[in-house]
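# What the coordinates show
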Amino acid sequence: MRLKTSFFKYIIYYIFIYIYRFFYLPIRIQQIRSKKVIKVAFVISDLGKWKTEFLFRTMLCHPRFSPVIYVEPNSFGDNQESVVLRNYLERQKYNYFELDTSKKKSDYTRPDILFCQEPYSGNIKKNFLSLYCFVPYAYHTTDAKWFIDTPMLNIAWQVYYENSLAAKNVSKIMKNKGRNCIVTGLPSSDLFYQQFLYKDPWKQQIGKKKRIIWAPHHTIFDNQFVCHSTFLEYFDTMLLLAQKYENKIQIAFKPHPVLKAKLYQIWGKEKTDIYYLKWENRDNTQLILGTYVSLFLYSDAMIHDCGSFMVEYHYTKKPVMYLVNKKFRTDELNEFGKRAFDLHYIGRNSEDIELFINNVIEGNDYMKDLRMRFYSECLLPPFGNSASNNIINSIIGYKS
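These notes cover the structure that comes with them.

Rules and cut-offs
Counting starts from 1 at the beginning of each chain's written sequence and moves along it residue by residue. A pLDDT threshold of at least 70 governs which residues receive local features in this predicted model, and a stricter bar of 80 or more applies before side-chain atom pairs are shown or counted, although totals over entire chains, interfaces and linings include all residues. Excluded from the side-chain calculations are hydrogens and water; all other atoms, namely the structure's heavy atoms, are used. Every definition here rests on a 1 Å grid over the protein atoms only: cavities are sets of points where a 1.4 Å probe fits but cannot get out, pockets are open sets enclosed by protein on both sides within 12 Å along at least five of seven lines, and lining residues have some atom within 4 Å of a point. Grid points are joined across faces, edges and corners, and a volume is the space filled by probe spheres set on the points. Each helix is a run of H or I in the DSSP string that is no shorter than four residues. Each strand is a run of E no shorter than two, and both are numbered from the N terminus. The rule is short: rings of Phe, Tyr and Trp, with Trp giving its six-membered ring, pair when the centres are within 6.5 Å, and they are stacked under 30 degrees, edge-to-face over 60, tilted in between. For every residue, the accessible area (1.4 Å probe, protein chains only) is compared with the maximum for its type, and the residue is labelled buried under 20%, exposed over 50%, or partly exposed between those bounds. Sitting over a ring, as applied to charges here, requires NZ of Lys or CZ of Arg to be within 6 Å of the ring centre and within 35 degrees of the ring normal. By nonpolar core we mean a set of buried residues, namely Ala, Val, Leu, Ile, Met, Phe, Trp, Tyr and Cys, connected to one another through side-chain atoms within 4.5 Å. Contact criterion: two residues are considered in contact whenever any of their non-hydrogen atoms come within 4.5 Å of each other. Here, any two strands with at least 2 DSSP bridges between them count as paired. Angles shown run from 0 to 180 degrees and are taken between the N-to-C directions of axes, each axis being a line fitted to C-alpha atoms and, for helices, limited to the stretch in contact. Each polar contact in these results corresponds to two N or O atoms within 3.5 Å; when the atoms are within protein, one needs to be able to donate a hydrogen and the other to accept it, and residues that are neighboring in sequence are counted only if both atoms are side-chain atoms.

On to the layout of surface pockets, then. The computed volume of the second largest pocket comes to approximately 590 Å³. Here the element with the most residues in the lining of the second largest pocket is helix α3 (residues 79-91); it accounts for 4 residues.

Rendered as structure tokens:
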């Protein structure tokens, strides 16, 4: 009986997809493109993962678009990150609305297009009956089916990719064979060409010091499907190295937004809060929450174990170290991911980290030319446009 029920659900799902793709979608696309002004909603909950801000700002200045921001609750219940997000939106004077799950759908102005922050169908509590478009918050360095072949991404009108190599990889995995995959570049890359818009976020120091970012991932539990984090191995080491080289370096602690919530479960609130305060209070260290583009642009190097930063920091063309744990496997990376990873200096222990820091201080960087080549071949958006303009042209049907 269970097998028969599953079979009928399977048939119904594919009938729905067929009707949606070949009947509803073409009609709705035509309606949207014929509108004088297209309403677009950006649903966000975490500032660090909001990778469509430049697209939002570009749409604000475009006569064909009327963008708005909906803020939904932080899924990990991190109140500090929620405060950081709302304070940032208010400082930028962005028009935003709280996505209150207790309200009826009729209480909201239905947008034509909905940009979601994550590719999971369950993270939007209200069905706006809009067309979904999606910009990945992380670069496609792996071909993990659970992240790529989601219901939301399969029914989305358009899904945007950083280059043809990434689009080719995901097309092989998705149920819809990548029919909605479009190579535009990612809007997060546009921010790295706008340094004049950003203030230097680093603490002022006496004398010239090298600025190094430490960005640990949140996957600190052994039983997690993904377990990249090396935080528990090096949380003391990084503070000790900051102290040892206090006259030569600054270190900015840029933890993944979810790391603190995970540490509360292991360390407890008091120990976690004290640790974070140490980074805030020392003269040559600091804690960075929320956005990080300005931090990247004004830095000299980075040490991390975060998959999304594996590609993103290469936009700065500066030296970067990847910390690997015993569970890290390069065979989990796709071709694009392996190219990005191979341009990292690899850290397997504290001695490797200290050597990297000394090389940054001395200016030793033998991979600089290789990173420049990777940047030209894989990171520049196509068609001579910004990624955001490429996405806008794709939505309105303009051929580059």
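Attention now moves to the packing of aromatic side chains. A full pass over the atoms with the stated rule returns 34 aromatic pairs. Plain terms: the ring middles of Phe56 and Tyr94 are 5.1 Å apart, the flat faces sit at 75° to each other, and that makes the pair edge-to-face. Here Tyr94 lies in the loop between α3 and β3 (96-98) and Phe56 lies in helix α2 (residues 53-60), a separation of 38 residues in the sequence. Owing to a relative accessible area of 1%, Phe56 belongs among the buried residues under this scheme. Considering the side-chain rings of Tyr322 and Phe341, the 5.5 Å spacing of their centres and the 75° angle between planes classify their relative orientation as edge-to-face. With Tyr322 in strand β12 (residues 320-323) and Phe341 in helix α13 (residues 335-341), this pair connects stretches of sequence that are 19 residues apart. Across the pair, exposure class does not vary: Tyr322 and Phe341 are buried alike. Grouped by ring-pair contacts, the aromatic residues Tyr139, Phe192, Tyr292, Phe296, Phe309, Tyr313, Tyr315 and Tyr375 constitute a single cluster. The ring of Tyr375 has Lys317 sitting right over it, with the charged end atom 4.1 Å from the ring centre.

Below, the discussion takes up the nonpolar core. Of all hydrophobic cores here, the largest spans 68 residues; its most connected members are Trp50, Met59, Ile69, Leu89, Ile113, Phe115 and Ile395. Here Trp50 is in contact with Phe42, Ile44, Phe56, Ile69, Tyr88, Leu89, Tyr94 and Gln117, once residues within four sequence places are set aside. Grouped together as the second largest cluster of nonpolar side chains are 32 residues, Trp214, Ile249, Trp279 and Leu323 included.

With respect to the helices and strands, the residue Ser388 is situated in helix α16 (residues 387-396). For Ser388, a relative accessible area of 0% translates into the label buried. For the pair Ser388 and Phe56, spaced 332 residues apart in the sequence, the C-alpha separation amounts to 8.6 Å. Setting aside anything within four residues of it in sequence, one finds Ser388 in contact with Phe54, Leu55, Thr58, Pro187 and Asp190.

This part is about the sheet that holds strand β6 (residues 158-161). A sheet is described by the order of its strands in space; here 7 strands give the open sequence β3-β2-β1-β4-β5-β6-β7, paired in parallel fashion. If you trace the sheet from one side to the other, it starts and ends with β3 and β7 (181-183), each paired once. Between one strand axis and the next, the sheet turns through 25° on average, direction left out of account. In terms of strand pairing, β6 meets β7 through 3 bridges, oriented parallel.

Moving on to the sheet that holds strand β10 (residues 285-287). Strand order in the open sheet made by the 6 strands is β10-β9-β8-β11-β12-β13, with parallel pairing throughout. Of all strands in the sheet, those bounded by a partner on one side alone are β10 and β13 (345-347). Recorded for the sheet is a direction-independent mean angle of 20° between the axes of neighbouring strands. Relative to β10, strand β9 (residues 249-253) runs parallel, the two sharing 3 bridges. Pairing of Phe253 across the sheet is with Leu287, part of β10. Here helix α8 (residues 231-244) sits on the sheet in contact with β8 (210-215), β9, β10, β11 (301-304) and β12, set at roughly 145° to β9.

A few words now on the side chain of Lys51. With respect to the helices, strands and loops of the structure, Lys51 is situated in the loop between β1 (38-44) and α2. A distance of 2.9 Å separates a polar side-chain atom of Lys51 from the backbone oxygen of Tyr137. In this structure, Lys51 is in contact with Pro136, Tyr137, Pro187, Ser188, Tyr292 and Glu312, ignoring residues within four places of it in sequence.

Bear in mind that shape data such as this cannot, by itself, settle questions of function.
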